[in-house]
Every structure is written in C-alpha cells, then in structure tokens.
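# Structural description and commentary
Residue strings, one per chain:
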Amino acid sequence: MLATVLYEDGDHRWIMFARDPGKPDGIIDTNQYLIQSGNEAILLDPGGIELFAPMLSSVLKYVPAEGITKLFASHQDPDIISSLGLWDQALPNAELYSPWLWESFIRHFGMNNITYKAIPDEGMTITLGRIQLQFIPAHYLHSSGNFHVWDAKAGILMSGDVGAALEEPGAPLWVDSMERHGPKMKKFHQRWMPSDAAKHDWIRRVSALDIKIMAPQHGRLFKPPHVADFLRWFEQLPVGVAIKG
Amino acid sequence: MAAPVFIIAASVSAELHQAMIEARGLALTAKNARALAVRAGSKTVGFRAITDFIEELASAIISQSRVINHHAEKLSTQAVTAWHSDNAMAHFRWVEAQKPEHLASIRPHINQCDKQLDALNHELQIGLRDLIGQIDESYKHIRTANLIATSSHVEAATAGDFREQLEVIADNIRKTADRIAAHLNRANSLLSQNHRERKIAC
Ligand SMILES: [Fe+2]
Ligand SMILES: [Fe+2]
C-alpha cells in the first residue's frame, strides 16, 4: 500500500493510502485517507474487506491503534466500508461517523464494538485533536445519504465519489490537465450520479471553500487551477443518464 | 476440504426441518388410521390401540426435530461468528508479519480476538457433540416406527374387508419412517464429514 503525505503542519497531517500492489484484479482501486491532529486520528472511507490487512499495517506505521479514535464512511458502499467487521475487532473503542440514513444498513457489515455516530442530513462539525473537521452534505452524489469531509485549516476537501476516475494501475497522483482527465471521469459521473439538482447544490456549497486539494475516493487528486476546472466541467455535465435510454 | 461448520450446521437444520414435515405426515396417517378403525369396529381393536402409538410417535418426532433444528441453527450462527474471528485473526497475523512501527498498540485487541476465537471454538465443539447426541437419540423413534409398522401389518391381516386399507396405512408408516431416517442419515453424514467417522444403519 503506497502512503503519501498530502499535508503536514506540526502534528496535523493528511496521509493518503492507495494503489495497493496486492489488490486482486476486478476490484476498484480506492484512495483511503488518514487525518491526524494531536493524539487523535480519523480514517476516511477505510475501504473494502480485502484492503483491511494492508490498510491496518500501513496505518500502524504512522499511528498507534489507540490513536485512531474515529472512522468516517461517506456512504454505505462496500468499497467504502465493507471492512467494518474487521476494524470492529481492531479498534473496538473507535467511533464511526456516517450518514444517519445508512445506520441500519452499515451495521450489516458487522459492528459489535464500534459506536455509530449518525451524521444528520445538514452535516456537522467535529473536533479532532486540535482541528475542526466539517462533514459537508453531498446527498445523491452518488448515494442518497452522503457526506464529504472539509478540513478548513489544511484546505483539503475529501470529495468521496465526486471527482472519481477509474484509471489504469500506476496512473499519476495528480490531475495535470482537465482536458485529458475529463473523459476518464465522464461515464462514472454521468451514470453513478443521479441528480442535476443535487450536483448544482453541491457545486454552490463547495465553491465557497478555498480548496487547496480536492481528494476523491478513486483516481487522481486535484489542485488549483484544476479544482475550479473540475467544478466548471461538472456543472455542464448532464448526470442521471441511464433513464434517458 | 470439508465444508465450514456454519454450512454444515445450517444443512443439518434444513434436514431436520424436512424430518419434521414428514412427521406431520405421520400424524395425518394416524388420524386416517383412527377414522378407519372406528368404522371397522370390533375387528380392528388392536389397530385402534396402535393409532395412539403413531400419534404419540409423530408428536415426539416433531418436537425432537424442532429442538434439533433450533440447536443446529444456533450453532450455525455461532460458527459464523467464529469464522469472522478466525478471518480477523488471519488478517492480524499478516499485519504482525509486516512488523509495523506501532504493532504493540494493536496486540491487546489481537489477543482479545484470539481468546474470543478459542472460546467460540470450544463452544462449537460442545454444540456439535450435543447435536450428534440428539440425532442419535432420534433414531430410537425410527426403530419404534418400524415396530409399529410391523404390528400394523399383523393387525391388518385379521381385519377382513379392511385389510387392504390398513395395509396401506402400515406401508405409509414404514415409508415415512424411512424418509425421516434418510434425513437423519444425511444430517449425520454432514456432521461426520468434519467430526468423526460414523455409520448408522436403521
Ligand atoms: Fe460509492
Ligand atoms: Fe466509490
């Protein structure tokens, strides 16, 4: 599992785990993120069951188990949180922040020890060590109960499936041209995202943020000016296309 | 490779459910036999007594199957929990081999998981042993059913005009007993697959 430090300021760090070389074929590649501050850390979209061991091993290189106090699942998909049953054994005292909508579904992945912290529809702000993290509503993008994570101090937006691209293994980490990257995202956004209204609402929300890095759950990450390029590209892209067949 | 215990236990539960349905059929046979014995009057006094035995037997098999079915289902659920812990342990072993910096911090949870797995495996062993015992116990009902079928044939021989109908009933009892025995045999061989070699002829 490749670990990349995206941001570091004292004990405030963002680490991205991705491109697991041992990942079985036929499983979508995912980006997992760890945010640290003070004695606390949160794992964002910890990933599928097949990723658990490499993820735990990678995370323990940076932070002791008792330091991972929180988990976050942006929505209920298996590539996001099917590893929950195993984290439940590894981090029995942790809390899982996830949409209230999915609580009774996500519990099917196995949760006997971890505490479910239901995020209300309007989102919420939590304290992690010395920083604040905001869970920003991104409903229907693509899941009907869905949140992104905004770290105002680092200027990083974890944007879940928004901005995701399904790429060849070994693709670079950063978007270098929206012209070349757009086509790699097009089908994914058109087919997975169901609602233009939801898309516009989200664009309005995140346009107000000073985003230095937009970090999706699949594929490359965005830095300015590609963040604004992405928002413009997304704005004009018709979504929910499957019903037009 | 033998099937995992949760599949074996669930399959045993399904076999016992089928056995219970067969036993309900046996209860129906007893009702028919009783009606016939009443119509036949004094010629079938012996048969009438036998119908009481069939009814009792049917309800004994039904309740025993229900108990075993329930036990096997519970065992299957426990086995799934054990399998999850076992799975977690396999992942933990891999992580240990990587020797990450903060490995020590996860050790208490690994040990906890290992302890839980041991306890679950122990419970499963006991549960499986009990299950085998309960199934062995059920064979006694099959032997009784076969005895009743034989006596029914003997009684049928002296029933005059009703002979043919009573023989059908006696055959029914034997066939149902055979079908229940087949379910028990299948449950038994499922269990011996991963537990012990055993052959039960009935
Ligand atoms: Fe998703
Ligand atoms: Fe995803």
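Residues numbered from 1 in each chain as written. Chains lettered and ligands numbered in written order. Predicted model: local features only at pLDDT ≥ 70, side-chain atom pairs only at ≥ 80, totals over all residues. Heavy atoms only, no water.

## So, the coordination of the iron ion (ligand 2)
All names here are of chain A. Definition in use: In this analysis a donor is any N, O or S atom within 2.8 Å of a metal ion (3.2 Å for sodium, potassium and calcium), and since water is not included, sites may seem incomplete. Site shape is set this way: if four donors have all angles between 85 and 135 degrees, tetrahedral; if opposite donors are over 155 degrees apart and all others between 65 and 115, square planar for four donors and octahedral for six; otherwise irregular. Helix numbering and strand numbering both begin at the N terminus, where a helix is a DSSP run of H or I of at least 4 residues and a strand a DSSP run of E of at least 2. A 1.4 Å probe rolled over the protein chains alone gives each residue an accessible area, and that area as a share of the maximum for its type sets the label: buried under 20%, exposed over 50%, partly exposed in between.
The coordination sphere of the iron ion (ligand 2), as far as protein atoms go, consists of Asp79 (OD), Asp161 (OD), Gln217 (OE1) and His218 (NE2), spread over 2.2 to 2.4 Å. Every donor counted, the four donor atoms about the iron ion (ligand 2) form angles of 79 to 168 degrees at the centre, which fits irregular coordination. Each donor residue of the iron ion (ligand 2) lies on one chain, and together they are spaced D-x81-D-x55-Q-H. Taken as an interatomic distance, the gap from the iron ion (ligand 2) to the iron ion (ligand 1) is 3.4 Å; Asp161 donates to each of them. Residue Asp79 is located in helix H2 (residues 78-81), and its partner His218 is located in the loop between strand S12 (213-216) and helix H7 (226-235); the two are separated by 139 residues in the primary sequence. Here Asp79 falls in the buried class, since its relative accessible area comes to 15%.

## Focus on the coordination of the iron ion (ligand 1)
All names here are of chain A. Around the iron ion (ligand 1), the protein contributes the donor atoms His75 (NE2), Asp77 (OD), His142 (NE2) and Asp161 (OD), which lie 2.1 to 2.2 Å from the metal centre. Classification of the site at the iron ion (ligand 1) rests on its four donor atoms, whose angles at the metal span 84 to 170 degrees, yielding the label irregular. One chain supplies every donor for the iron ion (ligand 1), spaced along it as H-x1-D-x64-H-x18-D.

## What to know about the sheet that holds strand S7 (residues 115-119) of chain A
Residue and element names in this part refer to chain A. What counts, and what does not: Two strands make a pair as long as DSSP finds a minimum of two bridges between them. Axes, fitted as lines to C-alpha atoms, cover a helix only where it is in contact. Angles between the N-to-C directions of the axes lie from 0 to 180 degrees. Here, residues are in contact when the closest pair of their heavy atoms is within 4.5 Å.
Taken in spatial order, the seven strands line up as S1-S2-S3-S4-S5-S6-S7 in an open sheet, and their pairing is mixed. Strands at the two margins of the open sheet, each flanked by one partner only, are strand S1 (2-9) and S7. Here the average twist between neighbouring strands, direction ignored, is 20 degrees. When strand S6 (residues 95-99) meets S7, the two strands line up parallel, connected through five bridges. By the bridge assignment, Ser98 is partnered in S7 with Ala118. Along the sheet, helix H1 (residues 52-59) makes contact with strand S2 (12-18), strand S3 (32-37), strand S4 (40-44) and strand S5 (68-72), crossing S2 at roughly 150 degrees.

## Points about the packing of aromatic side chains
Within a pair of aromatic rings, the relevant descriptors are the distance that separates the centres and the angle that separates the planes. Residue and element names in this part refer to chain A. This is how it is decided: Aromatic pairs are defined between Phe, Tyr and Trp rings, using the six-membered ring for Trp, whenever the two ring centres lie within 6.5 Å; interplanar angles under 30 degrees are classed as stacked, those over 60 as edge-to-face, and all others as tilted. Criterion for a charge above a ring: Arg CZ or Lys NZ at most 6 Å from the ring centre, at most 35 degrees from the ring normal.
In this structure the tally under the stated criterion is 14 aromatic pairs over all chains. Measuring from centroid to centroid gives 5.1 Å for Trp102 and Phe105, while their planes differ by 85 degrees, and the two rings are edge-to-face. Ring geometry for Trp202 and Phe234: centres 5.9 Å apart, planes at 75 degrees, overall edge-to-face. Residue Trp202 is found in helix H6 (residues 196-207), and its partner Phe234 is found in helix H7; the two are separated by 32 residues along the sequence. Using a relative accessible area of 1% as the deciding quantity, one classes Trp202 as buried. Through successive ring pairs, a cluster of aromatic residues spans Trp202, Phe222, Phe230, Trp233 and Phe234. Just above the ring of Phe234 sits the side chain of Lys199; from NZ or CZ to the centre is 5.8 Å.

## Let's talk about the interface of chain A and chain B
We apply this condition: Defined here as a combined quantity, buried area equals the accessible surface (1.4 Å probe) lost by two parts on assembly, summed across both. Salt bridge, as used here, is a side-chain nitrogen of Lys or Arg placed within 4 Å of a carboxyl oxygen of Asp or Glu. The definition of a polar contact used here is a pair of N or O atoms within 3.5 Å, where within protein one atom must be able to donate a hydrogen and the other to accept one, and adjacent residues in sequence count solely through side-chain atom pairs.
Taken together, the contacts link 18 residues of chain A with 17 residues of chain B. Summed over both partners, the interface of chain A with chain B buries about 1,400 Å², with 72% contributed by carbon and sulfur atoms. Where chain A packs against chain B, one counts zero salt bridges. Remark: the boundary between chain A and chain B carries two residue pairs in polar contact (both at pLDDT 80 or more). Those elements that provide at least two residues to the side of chain A that touches chain B are H1 and helix H3 (84-90) of chain A. A total of five residues in the side of chain A that touches chain B trace back to one element, the largest contributor, which is H1(A).

## So, the sheet that holds strand S10 (residues 147-151) of chain A
Residues and elements named next belong to chain A. If you walk across this open sheet you meet the five strands as S8-S9-S10-S11-S12, and the pairing is mixed. In this open sheet, the two edge strands, each paired with only one partner strand, are strand S8 (124-128) and S12. Neighbour-to-neighbour, the strand axes of the sheet open up by a mean angle of 25 degrees, direction not taken into account. Across three bridges, S10 lies against strand S11 (residues 156-160) in antiparallel orientation. By the bridge assignment for S11, Asp151 is matched with Ile156.

## Observations concerning the pattern of salt bridges
All names here are of chain A. This model, assessed by the stated rule, comprises 24 salt bridges over all chains. Note that Arg180 is salt-bridged to Asp176, the shortest N-O span being 3.6 Å. Note that Arg232 is salt-bridged to Asp229, the shortest N-O span being 2.7 Å. Placement of the pair is Arg232 and Asp229 together in helix H7, with a separation of three residues, close to one helical turn. Taken together, the salt bridges that share partners define one network made up of Glu167, Asp176, Arg180, Lys184 and Arg220.

## Some words on a nonpolar patch on the surface
Residues and elements named next belong to chain A. This is how it is decided: Note on patches: the residues involved have over 30% relative accessible area and no salt bridge, like charges join within 9 Å, and the nonpolar side chains Val, Leu, Ile, Met, Phe, Trp and Tyr join within 5 Å. Residue burial considers only the protein chains on display, and all accessible areas are found by Shrake-Rupley using a 1.4 Å probe.
A cluster of nonpolar side chains, namely Ile28, Leu166 and Trp192, defines an oily patch on the protein surface of about 280 Å² accessible area. Along the chain, Trp192 falls in helix H5 (residues 178-192). Relative accessible area serves as the criterion here: at 43%, Trp192 is assigned to the partly exposed category.

## Notes on the environment of B:Leu131
Locating B:Leu131 in the fold gives a position in helix H3 (residues 103-157). Aside from chain neighbours lying at most four places away, what touches B:Leu131 is B:Val12, B:Ile68, B:His71, B:Ala72, B:Leu75 and B:Leu191.

Scope: geometric values only; no functional claims are made or implied.
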